[in-house]
Amino acid sequence: PMRGATRRPVEQRVLLVGDAAGLVDPLSGDGMYEAFVSGRLATEATLELLGGGAASLEPYATQFAATFAPLETVSWRAKLAFERFPGLAFRLATMNLSWRLFQSVVRGDRKASDTHGLKGAPLRMLKALGT
């Protein structure tokens, strides 16, 4: 059900969102957050097309990639870290700093790729373990 690298979320006048677009988090198996966000992006692209501000739905593919690529990268690396070093990865993921960073990403206050500073240290370590 996960999106392959060559699978595009838009083809002519068809937009894929949520599970149909393969938006399943590789680490948790969750997809609700991604479904809601992709639905919002699809709505914005559709309204832009219908309002004459865009010639096609192609901007959806661009926004889709910009929004989900960082999340997918983090999740895949964290999944690999859990497979390789389960005890250490679990301790890093359950730290208070990790949980606060996760919450801020889901709320939209931070991007998954924004891992600088002390707050992002556990996530940077998880990503490094999964490389």
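The rules behind the values
- Residues numbered from 1 in each chain as written.
- Predicted model: local features only at pLDDT ≥ 70, side-chain atom pairs only at ≥ 80, totals over all residues.
- Heavy atoms only, no water.
- Helix = DSSP H or I, 4+ residues; strand = E, 2+ residues; numbered from the N terminus.
- Buried < 20%, exposed > 50% of the residue type's maximum accessible area, 1.4 Å probe, protein only.
- Contact = heavy atoms within 4.5 Å.
- Areas by Shrake-Rupley, 256 points an atom, 1.4 Å probe, with all protein chains shown as cover.
- Salt bridge = Lys/Arg side-chain N within 4 Å of Asp/Glu carboxyl O.
- Phe/Tyr/Trp six-rings, centres within 6.5 Å; stacked < 30°, edge-to-face > 60°.
- Axes fitted to C-alpha atoms, helices over the stretch in contact; angles between N-to-C directions.
- Parallel < 35°, antiparallel > 145°, perpendicular 65-115°, else oblique.
- Left-handed = near helix turned anticlockwise from the far one by under 90°.
- Nonpolar A, V, L, I, M, F, W, Y, C, P; charged D, E, K, R; others polar.
- pLDDT = per-residue confidence, 0-100.
- Core = buried A, V, L, I, M, F, W, Y, C linked by side-chain atoms within 4.5 Å.

Before going further, it helps to spend a moment on the overall build of the protein chain. Scanning the protein chain for helices and strands turns up five helices and two strands. Overall, the protein chain shows an N-to-C arrangement of helices and strands of β-β-α-α-α-α-α. With 131 residues in all, the protein chain has 35% of them scored as buried. The contacts in the protein chain between residues at least 6 apart in sequence include a share of 56% that link residues at least 24 apart. Accessible surface for the protein chain amounts to roughly 7,900 Å². Of this, 62% is attributable to carbon and sulfur atoms.

The next subject is the pattern of salt bridges. On inspection of all chains with the given rule, the structure shows three salt bridges. Two residues, E58 and R8, come together in a salt bridge whose shortest N-O distance is 2.8 Å. Here R8 lies in the segment before β1 (10–11) and E58 lies in helix α2 (residues 58–84), a separation of 50 residues in the sequence.

In total, this model carries two aromatic pairs according to the counting rule given. Three or more aromatic residues joined by ring pairs form one cluster here, namely Y60, F64 and F68.

Another point: the packing of helix α1 (residues 32–50) against α2. For the pair α1 and α2, interaxial distance at closest approach is 9 Å and the crossing angle is 160°. Between α1 and α2, the angle is such that the two are roughly antiparallel. Every pair of crossing elements has a handedness; the one defined by α1 and α2 is right-handed. Counted together, Y33, E34, V37, S38, L41, A42 and A45 of α1 and Y60, Q63, F64, T67, F68 and L71 of α2 form the full contact between these two elements. Counted by class, the contact of α1 with α2 contains nine nonpolar, three polar and one charged residues.

For the protein chain, per-residue confidence averages 84 on the pLDDT scale, and residues scoring 70 or more make up 89% of the total. Per-element mean pLDDT across the protein chain ranges from 73 in helix α4 (residues 96–107) up to 95 in α1.

Turning our eyes to something else, we now look at the nonpolar core. If you look at soluble globular proteins, the nonpolar side chains tend to sit buried side by side. In terms of nonpolar packing, the biggest core is built from 18 residues, with V10, L23, L41, L57, Y60, F64 and F68 touching the most fellow members. Contributing elements (two or more residues each) for this core: α1, α2 and α4. With six residues, α2 is the single largest residue contributor to this core. Ignoring sequence-local partners within four residues, the contact set of L57 consists of V10, Q12, R13, V14, L15, A45, T46 and L49.

Here we come to the environment of G31. By secondary structure assignment, the location of G31 is in the loop between β2 (14–15) and α1. Spatially, the C-alpha atom of G31 lies 7.0 Å from that of D19, the residues being twelve residues apart in sequence.

So, on to the side chain of S75. Positionally, S75 belongs in helix α2. S75 gets classed as buried once you look at its relative accessible area, which sits at 9%. The residues touching S75, leaving out its near neighbours within four places in the chain, are D25, P26 and L27.

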